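What the coordinates show
Each chain is listed here by its residues.
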Amino acid sequence: MNEASVEYMARAIALGDAVLGTTSPNPSVGAVIVKDGRIVGEGATLPPGGAHAERVALAMAGEAARGAALWCTLEPCPHTGRTGPCTEAIIAAGIREVHYALDDPDALVNGGGRAALEGAGIAVYAGEGAEGARRLHEGFLHQRRTGRPLVIAKFAASLDGKIAATGGDSRWVSGPETRAWAHRMRPTLDAIIVGVETVLIDNPLLTARPEGMTGAVHQPLRVVVDSRGRTPLEAKVLSPGASTLVATTAQAGGEWRRGVTARGAEVVELPQREGRVNLAALVDELGRRGALQVLVEGGGVLLGGFFDLGLVDKVTAVIAPLIIGGESAAVGGRGATRMADALRLRGVEVTRLGDDILVTGYTRGEGE
């Protein structure tokens, strides 16, 4: 891939990244159209029901698209969904060559886009910028492969692995740079999941409030795991500003359910596992709703449950330079009985966030 092609694909990835979280269940594709060394059209996929990235870029390019080249982060679709096939629009516009980063694993695409383009005499180059596009589309790729959203576990812990002081105070383990990073991350998500203990102790709002961002900000679905119906009706997580789903079981009373619903939240009853919400059923439910990536933010008991069931795909752990002591572990659950059984992350990356350290990694390899 030459230097210019690298630049155009990087631009397409950046366009897709800017709308991450707003397009689900569709992938957040970015597209760039170039003619005579100049970008004449670009765009990203619009929210569900809106145009795909290729059509947005073609509309901007207009007649300049004839004889031009197109770069996009994912194989163009050849089927009709809420919008018409992108391949048909590309062919009709007179695009002469298409560069895309990743094959689309969706059963309705899966090589069909490339075949349609090549059948119309368009030169196709696949695999350019694949690494960056794979990170951009990791939720979509995972969901299409497994039927479930990518589950990201997030926690901030002291150097000795604690998430709260012995008196229960948990604000703040991490520093201001980490909190700013967390709010930049939230708009890229489809849902943020917390346990009822987090609601009772911290009373979080769970909305995305990124610094410096103007205009409307995408708000992920707020999900509270509350097996017995203990979420207070005055809890901030039930306030306006974002949608809320409370996952409960048959143990929750009818009066509490009606109260939560009256606050504007949705209550969904799920099967039980060991007397609590079956977390696998919750992940399946979010997948059915079109979620591509969801964040489990706490507390330790809930995180432990997700890890015990092998539901976590990615970890974002913040380590703060604090020593707290006590027993408030970042991840609860059964835990590993032997060091050989401990979960070791793959593809680990380490980043500084002020005085904190962010460790990101995956619980399994691609395709597992």
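The text that follows walks through the structure, step by step, so that each part is easy to find. Everything numeric here is computed off the predicted structure, so don't read it as measured data. (Residues numbered from 1 in each chain as written. Predicted model: local features only at pLDDT ≥ 70, side-chain atom pairs only at ≥ 80, totals over all residues. Heavy atoms only, no water.)

Side note on the overall build of the chain
Helices and strands together make up the secondary structure of the chain, namely 11 helices and 16 strands. Computed over the C-alpha atoms, the radius of gyration of the chain is 22 Å, within 12% of the 21 Å expected from 2.2 N^0.38 for a compact globule of 368 residues. Restricting the contact set of the chain to residue pairs at least 6 apart, pairs at least 24 apart contribute 69%. Total accessible area on the chain stands at roughly 16800 Å², and carbon and sulfur atoms take up 51% of it. Distance between charge centroids for the chain: 4 Å, based on 38 positive and 42 negative side chains. (Helix = DSSP H or I, 4+ residues; strand = E, 2+ residues; numbered from the N terminus. Rg over C-alpha atoms; globule rule 2.2 N^0.38 Å. Contact = heavy atoms within 4.5 Å. Areas by Shrake-Rupley, 256 points an atom, 1.4 Å probe, with all protein chains shown as cover. Lys, Arg positive; Asp, Glu negative; His and termini not counted. Charge placed at Lys NZ, Arg CZ, Asp CG, Glu CD.)

Overview of helix H6 (residues 138–146)
Turn by turn, an α-helix covers 3.6 residues, leaving residues three or four places apart pointing in a common direction. Among the residues of H6, those classed as buried are Glu138, Gly139, Phe140, Leu141, His142 and Gln143. Downstream of H6 by one or two residues, glycine 147 has phi in the positive range, about 85°. (Buried < 20%, exposed > 50% of the residue type's maximum accessible area, 1.4 Å probe, protein only.)

Considerations on the pattern of salt bridges
Scanning all chains against the criterion turns up 16 salt bridges. For glutamate 138, the salt bridge is made with lysine 314, and the minimal N-O distance between the two is 2.7 Å. With glutamate 138 in helix H6 and lysine 314 in strand E14 (residues 314–319), the pair connects residues that are 176 residues apart, well separated along the chain. Each of the two residues, glutamate 138 as well as lysine 314, counts as buried. Salt bridges here are not isolated pairs; linked through shared partners, they connect Glu266, Glu285, Arg288 and Arg289. (Salt bridge = Lys/Arg side-chain N within 4 Å of Asp/Glu carboxyl O.)

Some thoughts on the nonpolar core
For soluble globular proteins, nonpolar side chains are generally found buried alongside one another. Ile33, Leu58, Ile90, Ile95 and Val98 are the most contacted members of the largest nonpolar core, which totals 42 residues. Not counting residues within four places of it along the chain, the set of residues in contact with leucine 58 comprises Ile33, Ala65, Ala89, Ile90, Ala93 and Ile95. If you look at the next biggest cluster of nonpolar residues, it comprises 31 residues, including Ala191, Leu279, Val283 and Phe306. (Core = buried A, V, L, I, M, F, W, Y, C linked by side-chain atoms within 4.5 Å.)

So, the sheet that holds strand E3 (residues 69–74)
Spatial strand order, E2-E1-E3-E4-E5: five strands in an open sheet with mixed pairing. Each end of this open sheet is capped by a strand with a single partner; those strands are strand E2 (38–44) and strand E5 (123–126). Ignoring which end each strand starts from, the neighbouring axes of this sheet average 15° apart. One ladder, built from four bridges, connects strand E1 (residues 30–35) with E3; its direction is antiparallel. By the bridge assignment for E3, valine 34 is matched with alanine 69. Running at roughly 150° to E5, helix H4 (residues 112–119) makes contact with strand E4 (97–102) and E5 of the sheet. (Pairing = 2+ DSSP bridges. Axes fitted to C-alpha atoms, helices over the stretch in contact; angles between N-to-C directions.)

A few points about a nonpolar patch on the surface
Side chains of Val348, Val350 and Ile357 sit close together on the surface and give an oily, nonpolar patch of about 240 Å² of accessible area. One can find valine 348 in strand E15 (residues 346–353). (Patch = residues over 30% accessible without salt bridge, like charges linked within 9 Å, V, L, I, M, F, W, Y side chains within 5 Å.)

Regarding the sheet that holds strand E16 (residues 356–362)
The strand order across the open sheet built from nine strands is E10-E9-E8-E7-E13-E6-E14-E16-E15, with neighbouring strands paired in mixed fashion. With partners counted over all chains shown, the strands left at the sheet margins are strand E10 (266–269) and E15, one partner each. Taking the axes of each pair of neighbouring strands and ignoring which way they run, one obtains an average angle of 20° across the sheet. As judged from the six bridges shared by strand E6 (residues 150–157) and E14, these two strands associate in the parallel manner. Residue alanine 153 lies in a different strand from E14, and its bridge partner there is valine 315.

Structural notes on the environment of leucine 150
If you trace the backbone, leucine 150 turns up in strand E6. With relative accessibility at 5%, the residue leucine 150 sits in the buried group. Note: C-alpha distance between leucine 150 and leucine 136 (14 residues apart in sequence) is 12 Å.

Overview of the pairing of E15
Taken together, the six bridges between E15 and E16 define a ladder with antiparallel strand orientation. Looking at E16, one finds that arginine 346 is bridged to tyrosine 362. Where E15 folds back on E16, the antiparallel hairpin that results is connected by two residues, among which glycine 354 adopts a positive phi of roughly 65°.

Considering the packing of helix H2 (residues 53–61) against helix H3 (residues 86–93)
For the pair H2 and H3, the least separation of the axes is 9 Å and the interaxial angle reads 25°. Taken as axis vectors, H2 and H3 run roughly parallel relative to one another. Helix-helix and strand crossings are classified by hand; for H2 and H3 the assignment is left-handed. Residues Glu54, Arg55 and Leu58 of H2 form the contact with H3, whose participating residues are Cys86, Ala89, Ile90 and Ala93. Of the residues belonging to the contact of H2 with H3, the class tally is five nonpolar, no polar and two charged. (Parallel < 35°, antiparallel > 145°, perpendicular 65-115°, else oblique. Left-handed = near helix turned anticlockwise from the far one by under 90°. Nonpolar A, V, L, I, M, F, W, Y, C, P; charged D, E, K, R; others polar.)

Some thoughts on the packing of H3 against H4
Here H3 crosses H4 at 20°, and the two axes come no closer than 10 Å. It follows that H3 is roughly parallel to H4 by the angle criterion. At the point where H3 passes H4, the crossing takes the right-handed sense. For the pair H3 and H4, the contacting residues are Thr87, Ile90 and Ile91 in the first and Gly113, Ala116 and Leu117 in the second. Per-class residue counts for the contact of H3 with H4 are four nonpolar, two polar and no charged.

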